[in-house]
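# What the coordinates show
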Amino acid sequence: MRSLPRWMLLPALLGGLFVLLPLISMGLRVQWGSFGALVTSESSLQALRLSLQTSSTSALVCVVLGVPMSLVLARSSFRGLSLLRSLVLIPLVLPPVVGGIALLYTFGRQGLLGQHFELLGLQVAFSTTAVVLAQTFVALPFLVISLEGALRTAGTRYEAAAASLGARPTRVMLQVTLPLMMPALLSGTVLSFARALGEFGATITFAGSLQGTTRTLPLEIYLQRESDPEAAVALSFVLMIVAVLIIAVARRRVVA
Amino acid sequence: MSLSLCASVPERGVELELEVADGETLALIGPNGAGKSTALSLIAGALRPATGQVVLDGQVLTGQGRWVPPHQRQVTTLSQDPVLFPHLTARGNIRFGLRAQGQSRQRAHREAGRWLAELGISELADRRPAALSGGQAQRVAIARALAADPRLLLLDEPMAALDIDVAPALREQLRGFLAPRTALIVTHDVLDALSLADRIVVLEAGRVAEQGLTRELLTRPRTAFTARFAGLNLVTGRWAGGAVVLEDGTRLRAAGDFRAGSWVHAAFRPSAVRLTANDGIPRTVTGLLPRGDLIRVRTRGVAADLPPQEIAEHRLEPGSAVRLEIPAEAVTAYEA
């Protein structure tokens, strides 16, 4: 610390304030008298429940798809691997609205896959399933990035040792690789859950905003902002508390 | 479980041919970059050669269009880093190999206990690797490797990372375990080779430079590397009338009966070298190094271990001219 130039403290402090001040300002606007009533209104509770359900499902789908993806990206070698690695991260930098449109042209009625689903009587767009798809689309790279990074850092020496003892690849993965990756997997899952919980653009584009079906908490907050700003602030405060809890959990996992 | 390796890896400049007989322990020695690790990788299945093959016990592991993956080779590697799984206890680590070999849960548990006892570390059974010392961890790694019952055991400098007071006991234990097994050990330590290996193969620049029975090779080295490994001086010259005549014309008396004019190696211990006033091999001192209670005087091609008093008396320092004499009875001469 002592080796840092003293002037650097000023911009650092400004940056910290820039992050914290809006949160504090919002917290100051919360009407504590009506807080309970606002966050437990019918539409708020529906949105909260839907958000938790869809985000948990998305996080689960991220684990189911993301763990194999990370393993393939980190542990195999084939032509085009590095290109694939970059492509997988696209949702991370893509504006979520664009992601929503892309999903619409895939799973929507006229979409590449959607038109076939339609024939089977399945309609994905503007359903709760669409919410999960939108959330998974944007959240998956978070899990893949943290797990793949951890796999690369850890190297293959434990896996090589396990194979040298005669363990088949499946045993090596289940009993060596994944247990060693547990901290990274947990923090990756928590991060993708958080990203899914905050998802707005792709959801409203691809899934719409039907109360109880696709209107998640961020959508509810956005709509309430027009009609009932106090409710919007109260719900925002709830999401902020969730965010703080998530950071606390994720940080502890990473440090451990 | 005999092994035969014959392979070339051009990008590493390696072209090897070596055999390990059933029940034999072979030491693989050589300077850094000579191809020792490459040889182990080829046998373990971590590396595919450009051409060649690896055959274990009649089964082609690599080559002839076949490739047996590492986990099916029954070849276990023990390196200087124990690589214990950090999330498993000592017993859990050993059990892992046993379970991988298809043993039942109960049997694996019991067998792991037996191996812990065999290595004298039963009290460490429930410890995680983070709570083990280097020597303890390496014992667990040995137990784990042996419990997996490999057809061939590869040891990559297994004692190199251990404290100097831990290594001897472990080496002694390893000696007992390796005696009935087929093993290949890479080492930089002459003690490892002496106590563990039946035979030595010396690699230099990706090729086999020489090989032979341990005692034979360590008493009659044929390359500068082997001589240094064995702690011997090695000079080469032509035989003439009871002496080896070196390139510079100096004569080294030795017992032997060779054809006059034939090339002869002469090996002798540095501690047998004496300073002399006249005759002897003329040399210039290039360096002085402490060596136990003696000082190693280095000259071109010949090292001498002399007591410090003698160094002081003759005021030896780098650059000093010396004449070295070796008693004929201390010289082993053999055909080059």
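The model shown is predicted, which means the values in this text are computed figures rather than measured ones.

## Comments concerning the overall build of chain B
- The helix and strand tally for chain B stands at nine helices and 21 strands.
- Considering only C-alpha atoms, chain B reaches an extent of 75 × 45 × 35 Å along its principal axes.
- Within the span of chain B, comprising 336 residues, buried residues form 42% of the whole.

## Focus: the pairing of strand E5 (residues 59-63) of chain B
All names here are of chain B.
- Where strand E4 (residues 51-56) and E5 come together, three bridges link them in antiparallel fashion. Bridge assignment links Val55 to a residue of E5, and that residue is Val60.
- Where E4 folds back on E5, the antiparallel hairpin that results is connected by two residues, among which Asp57 adopts a positive phi of roughly 55 degrees.
- Both E5 and strand E6 (residues 66-67) contribute to a ladder of two bridges, which runs antiparallel. From the neighbouring strand, Thr62 faces E6, where its bridge partner is Trp67.
- Between the antiparallel neighbours E5 and E6 lie two residues, among them Gln64 with a positive phi of about 55 degrees.

## Quick notes on the environment of Thr286 of chain B
Residues and elements named next belong to chain B.
- Examined against the element boundaries, Thr286 turns out to sit in strand E17 (residues 281-291).
- You can call Thr286 partly exposed: it has 13 C-beta atoms within 10 Å.
- Sequence separation of Thr286 and Gly52 is 234 residues, and the distance between their C-alpha atoms is 44 Å.

## Brief notes about the domain arrangement of chain B
Residue and element names in this part refer to chain B.
- In terms of domain boundaries, chain B breaks down into domain 1 (3-223) and domain 2 (232-335).
- A straight line from the C-alpha centre of domain 1 to that of domain 2 covers 38 Å.
- Tallying the contact residues gives four residues for domain 1 and six residues for domain 2.
- Residues belonging to the side of domain 1 that touches domain 2 are distributed by class as follows: one nonpolar, one polar and two charged.

## Some words on the interface of chain B and chain A
- Opposite the 16 residues of chain B that make contact, chain A presents 15 residues.
- Looking at the side of chain B that touches chain A, the elements that each hand over two or more residues are strand E7 (75-79) and helix H2 (90-100) of chain B.
- Grouping the amino acids of the side of chain B that touches chain A by side-chain chemistry returns eight nonpolar, seven polar and one charged.

## As for the nonpolar core
- Leu28, Ile43 and Ala266 of chain B are the most contacted members of the largest nonpolar core, which totals 100 residues.
- With eight residues, the top contributor of residues to this core is helix H4 (residues 134-147) of chain B.
- Formed jointly, this core draws a minimum of three residues from each of two domains, domain 1 (3-223) and domain 2 (232-335) of chain B.
- Counting 37 residues, the second largest nonpolar core, distinct from the first, contains Cys62, Leu103, Ala130 and Ala194 of chain A.

## Quick notes on the sheet that holds E17 of chain B
Residue and element names in this part refer to chain B.
- Taken together, the five strands give an open sheet; going across it, the order is E16-E20-E17-E18-E19, and neighbouring strands pair in antiparallel fashion. One side of each edge strand has no neighbouring strand; the edge strands of this open sheet are strand E16 (274-275) and strand E19 (303-306).
- In this sheet, E19 lies alongside strand E18 (residues 294-299) in antiparallel orientation, the contact comprising four bridges. For Val297, the partnering residue across the bridge sits in E19 and is Ala304.

## Points about the confidence of the model for chain A
- Scored by pLDDT, chain A comes out at a mean of 90, with 97% of its residues at no less than 70.
- For chain A, helix H13 (residues 229-255) of chain A is the element with the lowest average pLDDT, namely 82, and helix H9 (residues 157-164) of chain A is the one with the highest, namely 95.

## Quick notes on helix H5 (residues 167-178) of chain B
Residue and element names in this part refer to chain B.
- Look at H5: 16 Å from first C-alpha to last across 12 residues, which is about the 16 Å you get at 1.5 Å a residue.
- Considered for burial, the residues of H5 that qualify are Ala167, Leu174 and Leu178. All buried residues of H5 fall inside an arc of 30 degrees around its axis, so they share one side. The exposed residues of H5 that point more than 90 degrees off its buried face are Glu172 and Gly176.
- In this structure, the buried side of H5 is in contact with strand E3 (25-29), H4, strand E9 (183-186) and helix H6 (190-196).

## Brief notes about the packing of helix H3 (residues 105-118) of chain B against H4 of chain B
Residues and elements named next belong to chain B.
- Here H3 crosses H4 at 130 degrees, and the two axes come no closer than 9 Å. In this view, H3 runs oblique relative to H4, as classed from their interaxial angle. The way H3 lies across H4 gives a crossing that is right-handed. On H4, the residues touching Glu111, Ala112, Trp115, Leu116 and Glu118 of H3 are Ala143, Leu146 and Ala147.
- Residue classes in the contact of H3 with H4 are distributed as six nonpolar, no polar and two charged.

Scoring rules and cut-offs
- Numbering of residues starts from 1 in every chain and runs along the sequence as written.
- Chains and ligands are labelled sequentially in the order written, the chains with letters from A and the ligands with numbers from 1.
- Owing to the predicted nature of the model, reporting of local features is limited to residues with pLDDT of at least 70; listing and counting of side-chain atom pairs is limited to 80 or more, with chain, interface and lining totals taken over all residues.
- Helix and strand assignments come from DSSP, with helices taken as H or I runs of at least 4 residues and strands as E runs of at least 2, each series counted from the N terminus.
- Note on burial: count the other C-beta atoms lying within 10 Å of the residue's C-beta; 20 or more is buried, 12 or fewer is exposed, in between is partly exposed, and C-beta positions come from the backbone.
- Pairing between two strands requires that DSSP report at least two bridges joining them.
- Source of the domain bounds: an automatic or database domain assignment.
- What counts as a contact is two residues whose backbone-derived C-beta atoms lie within 7 Å of each other.
- Think of it as three bins: nonpolar holds Ala, Val, Leu, Ile, Met, Phe, Trp, Tyr, Cys and Pro, charged holds Asp, Glu, Lys and Arg, and polar takes everything else, Gly as well.
- Only buried Ala, Val, Leu, Ile, Met, Phe, Trp, Tyr and Cys residues enter a nonpolar core, and they are joined through C-beta atoms within 7 Å.
- Here pLDDT means the predictor's own confidence in every residue, given as a number from 0 to 100.
- By this rule the span expected of a helix is its residue count minus one, scaled by 1.5 Å.
- Each direction from the helix axis to a C-beta atom contributes to the arc, which is the arc of those directions.
- Here, axes are lines fitted to C-alpha atoms. For helices the fit covers the stretch in contact, and angles between N-to-C directions go from 0 to 180 degrees.
- Oblique is the label for any angle not covered by the other classes, which are roughly parallel (under 35 degrees), roughly antiparallel (over 145) and roughly perpendicular (65 to 115).
- Handedness of a crossing is defined here by the sense of rotation of the near helix relative to the far one, left-handed for an anticlockwise turn of less than a right angle and right-handed for a clockwise turn.

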